[in-house]
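Structural overview for review
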Amino acid sequence: MTEKFSAKYSYGTALVYLALFCGMFLMNFTMSGFEPFSLALLLGALVCGMHPLLAAGLYILAGGISLLSSSFPFLVFAVQGVLLGGTFFVYRRLRKKPGAETMLFLLAALAPYILLFGAYVYPGYIRAAIVAAALLALCLLFIGAMRCLLFRAGRCALSAEEPVFCAAAGAAVGIGLYNCAGGYAYDAAAVLLILFTARLCKKGNGVFFAFAASLPPVIVQSAAANAFVPEAAACYVLYAAVAAVLLRGGKIPAALGVFLSAVILRYFTDFFGTEPAAATFTGARFYLTMLVPLVPCLLFALTPESWLRALERRLHLYEEKPLTRASINRSRRRTGEKLFEISAAFREIEGVFSEERRRDDGAQALFAQTMREEVCESCPKRAECGEEARSALEKLAGVGLAKGKANLIDLPGALTAHCADPTALLFSLNRMLADYRRGAAEEESAARSRLLLAQQAHGVSELLKNLALGLSAPVGVEAETEQAVAAALGRAGFMCEEVLISGEGPEIYIVLSGAADGEKLRSAVESAAGQPLALASKQPLTAERCACLFRPRPAFDAAFGVASATKAGESACGDTYSLTRIDEHTFLCALSDGMGSGEEARRVSDSALTLIESFCRAGMPNDAALAAVNGLLAAGREETFACVDAATVDLNTGRADIVKIGSPFSFLVTGERVEVLESESLPLGILEGVRPVTLTRMLRGGDVLVFVSDGVSEAFGSGTDAAAELSALPAANPQTLADALLARALARTGAPADDMTVVAVRLCGNLQNEP
């Protein structure tokens, strides 16, 4: 950090020089008259790189007040200003920075003070030298305090001694204010300072500032009374404690509490007055005593919260440090990279388990060789069998492998003519075929398991890849938007401690203090972010603080309608449906028709939908989820079949991914047009290799997606007839549409011959997004 005051002139620079002049002016007021104690401020300003001529000019101007009493104090001001200002100006022109020789310049500047004040003000040079030594120590203290205030405060953590330097420097200026304006004016300024520091500072630092503010009255009153007078310190610390406790309820309770505390304490002790405490509450002194704490408390209560928030941001009191966000981004990046690696590992697992493994085709020759060893070797006529008979054994083994079992009619002519014991050959071959079939069944089961594992690995790989992409997006890169959100919340009256924007969505995290009206909060964040938002979550951190998460509000919303009828004579419907919100931007609509009817069909249908919901909530793609569900159902011990219609709809874009497995036709109603969606795949659970049929459609506001079970499709007979009936029905209300379509299907069949279900989903514009 460069410890040199900016040479660029701006409003901020002008305010710093104005504050410097005011401090110099006040420090010249001492209990014994006008003395150049503002020399400490001048030296601190010069060491910190402020313009030497301007600082020295302000010092001489501030010393002009001494002309009211005598001319020689002003002579000291002039000599010191010219000496130090000129010396530092020469160094500035030479582009050098004074080092240890600064102490020599300071001693030279103190020489005229000792000579003149020792001769005309103090009773001797010894006391003047003692005061000059104290002024020398004050100069060193102000150098540290001004370095802290100009270069470090609000930018980095302060060292242990820097707050002490600042408190001592503030006390020195406060003594001047006390001597210049009087005790009551100082008390009003101190109360206002205590209220603001209690509001702006954390971890009880307001009590420290209150104690520092009490030092001037304690020092002045103790010097006047020749005894230690600590009442001011006790009262100010009490004010800070009361303000810190009541600020949880807002500025007004804190201001009222401090005002009442001041009034009560003044009733017992008026530490700024000369009369007894009881006399304070009589006559004009009563009104003065009331005004002293009333004015600062009223000013604090009327200060806009947005101003306080702006001051907090200016001082970096609640700003998230860059190192913290860099650490968060590094952790997110490393986590994303690790998830990518794990996803690649599952992709490799999928490749390994997807490889087809075929049985060795040498079984035919092996069976022929085994029959020769078991049967022909012990046959007395084996010498009569030539090459033709050995070739016939391989043909017999081939026939047995093809049929699964061999009998007498399968014997080749060469064996029928020459073999003395064909029954023994057939017995040996069929025994080997039985063992072979058992092995083939085990391998087929293992192949099914490998396929199921490959499907699961594919789904997990896709899920981890999507998670990695989401986590790889950095946080805290929208600094301007974060500042705009914080400013908007301040203008709306919210106490915002922190704003963090993450992802491309984006996700906006906000930490608030105090009560927060949800709708007003959302409007303020929306105005700064420039897009419609929704409050995704609100998590309490403490009794007074909470963390809110805002995400973009989807462009669409959805309305649903369901109508069903149970097969005549059955107590339970075998059709089940799911209308599930996967996240803020996606919903799942699914209809499952278990084969048959009754409780068993409903159990199968429920199982299929539960698995689909679980996989989709986990983030697995639709086709991978349905393929995995198909493998799980097919791998069961019982034969469980289900026809499934499933669709996931992105509410941001209107994209619908529709997956059909073994289900009848479905419909997409767009305006007055009805599109028939069909599938030729088998139901879930029949074969492991069944692949879903996936259709993609871009939906618009007012479009309706309709799923029907096979009971409804059989009632209409064909998709064309069903589409004609559907086109004649009003589609504004999906529930009315589902009820009407089911009623027309029942009108065709009378009593339901099968379970009948209609699910209708209508996409509509999000009304909250409209102005």
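Everything numeric here is computed off the predicted structure, so don't read it as measured data.

1. A short note on the sheet that holds strand 3 (residues 495–502)
Taken together, the four strands give an open sheet; going across it, the order is 3-4-6-5, and neighbouring strands pair in antiparallel fashion. Taken across any chain shown, the strands that pair with only one partner, and hence form the sheet edges, are strand 3 and strand 5 (533–540). Across the sheet, the mean angle from the axis of one strand to that of its neighbour is 20°, orientation sign disregarded. Bridge count between strand 3 and strand 4 (residues 507–513): seven bridges; the pairing is antiparallel. When the bridges of strand 4 are listed, Val-499 appears paired with Ile-510.

2. Quick word on helix 7 (residues 162–181)
An α-helix turns once per 3.6 residues; consequently, residues spaced three or four apart project the same way. Taking 1.5 Å per residue as the helical rise, helix 7 with its 20 residues ought to reach 28 Å, and the 28 Å between its terminal C-alpha atoms agrees with that figure. Among all positions of helix 7, only Glu-162, Ala-167, Ala-169, Ala-171, Ala-172, Gly-174, Gly-176 and Tyr-178 are buried. At its buried positions, helix 7 is contacted by helix 1 (11–27), strand 1 (29–30), helix 6 (125–152), helix 8 (183–200) and helix 9 (205–225).

3. Points about a nonpolar patch on the surface
Together, Leu-291, Leu-294, Val-295, Leu-298, Leu-299 and Leu-302 make up an exposed nonpolar region whose accessible area comes to about 560 Å². For Leu-302, a relative accessible area of 63% gives the class exposed.

4. Quick notes on the confidence of the model for the protein
Segments scoring low in pLDDT should not have their predicted coordinates read at a detailed level. Averaged over every residue, the pLDDT of the protein is 77; residues scoring 70 or more account for 80%. Low pLDDT (under 50) marks residues 271–281, which in the prediction has 32 contacts with non-local residues, meaning those over four places away or in another chain. Taken as a whole, residues 682–690 scores under 50 in pLDDT and shows 39 contacts with residues more than four places along the chain or in a different chain.

5. Some remarks on the packing of helix 7 against helix 9
A pair of packed helices is captured by two measures, namely the crossing angle of their axes and the spacing between those axes. Contact geometry of helix 7 with helix 9 gives a least axis separation of 8 Å together with a crossing angle of 45°. Taken together, helix 7 and helix 9 sit at an angle that is classed as oblique. Helix 9 is crossed by helix 7, and the crossing has right-handed handedness. When helix 7 is examined against helix 9, the residues Pro-163, Val-164, Ala-167, Ala-171, Gly-174, Ile-175, Tyr-178 and Asn-179 are found in contact with a partner set consisting of Phe-208, Ala-212, Leu-215, Pro-216, Pro-217, Ile-219, Val-220 and Gln-221. Class assignment of the residues belonging to the contact of helix 7 with helix 9 gives a composition of 13 nonpolar, three polar and no charged.

6. Quick word on the nonpolar core
With 37 residues, the main nonpolar core has Leu-20, Met-24, Leu-39, Leu-42, Phe-142 and Met-146 as its most contacted residues. Among the elements that make up this core, the one with the highest residue count is helix 6 (nine residues). The residues contacting Leu-42, other than those within four sequence positions of it, are Met-24, Ala-55, Ala-56, Tyr-59, Gly-81 and Leu-84. If you look at the next biggest cluster of nonpolar residues, it comprises 25 residues, including Ala-190, Ala-240, Ala-243 and Phe-300.

7. Here's the deal with the pattern of salt bridges
Scanning all chains against the criterion turns up nine salt bridges. The residue Glu-341 makes a salt bridge to Lys-338 at a minimum N-O spacing of 3.4 Å. With Glu-341 and Lys-338 both in helix 15 (residues 322–354), this residue pair falls three residues apart, about one helical turn. For the salt bridge of Glu-725 with Arg-748, the shortest nitrogen-to-oxygen distance reads 3.1 Å. Of the two residues, Glu-725 is situated in helix 25 (residues 719–727) and Arg-748 in helix 26 (residues 734–749); the sequence distance between them amounts to 23 residues. By relative accessible area, which is 18% here, Glu-725 ends up buried. The class of Arg-748 is partly exposed, set by a relative accessible area of 42%. A single network of salt bridges, built from pairs that share partners, joins Glu-519, Arg-522, Glu-526 and Arg-553.

So, how was this worked out
- Residues numbered from 1 in each chain as written.
- Predicted model: local features only at pLDDT ≥ 70, side-chain atom pairs only at ≥ 80, totals over all residues.
- Heavy atoms only, no water.
- Pairing = 2+ DSSP bridges.
- Helix = DSSP H or I, 4+ residues; strand = E, 2+ residues; numbered from the N terminus.
- Axes fitted to C-alpha atoms, helices over the stretch in contact; angles between N-to-C directions.
- Expected span 1.5 Å × (residues − 1).
- Buried < 20%, exposed > 50% of the residue type's maximum accessible area, 1.4 Å probe, protein only.
- Contact = heavy atoms within 4.5 Å.
- Patch = residues over 30% accessible without salt bridge, like charges linked within 9 Å, V, L, I, M, F, W, Y side chains within 5 Å.
- Areas by Shrake-Rupley, 256 points an atom, 1.4 Å probe, with all protein chains shown as cover.
- Salt bridge = Lys/Arg side-chain N within 4 Å of Asp/Glu carboxyl O.
- pLDDT = per-residue confidence, 0-100.
- Parallel < 35°, antiparallel > 145°, perpendicular 65-115°, else oblique.
- Left-handed = near helix turned anticlockwise from the far one by under 90°.
- Nonpolar A, V, L, I, M, F, W, Y, C, P; charged D, E, K, R; others polar.
- Core = buried A, V, L, I, M, F, W, Y, C linked by side-chain atoms within 4.5 Å.

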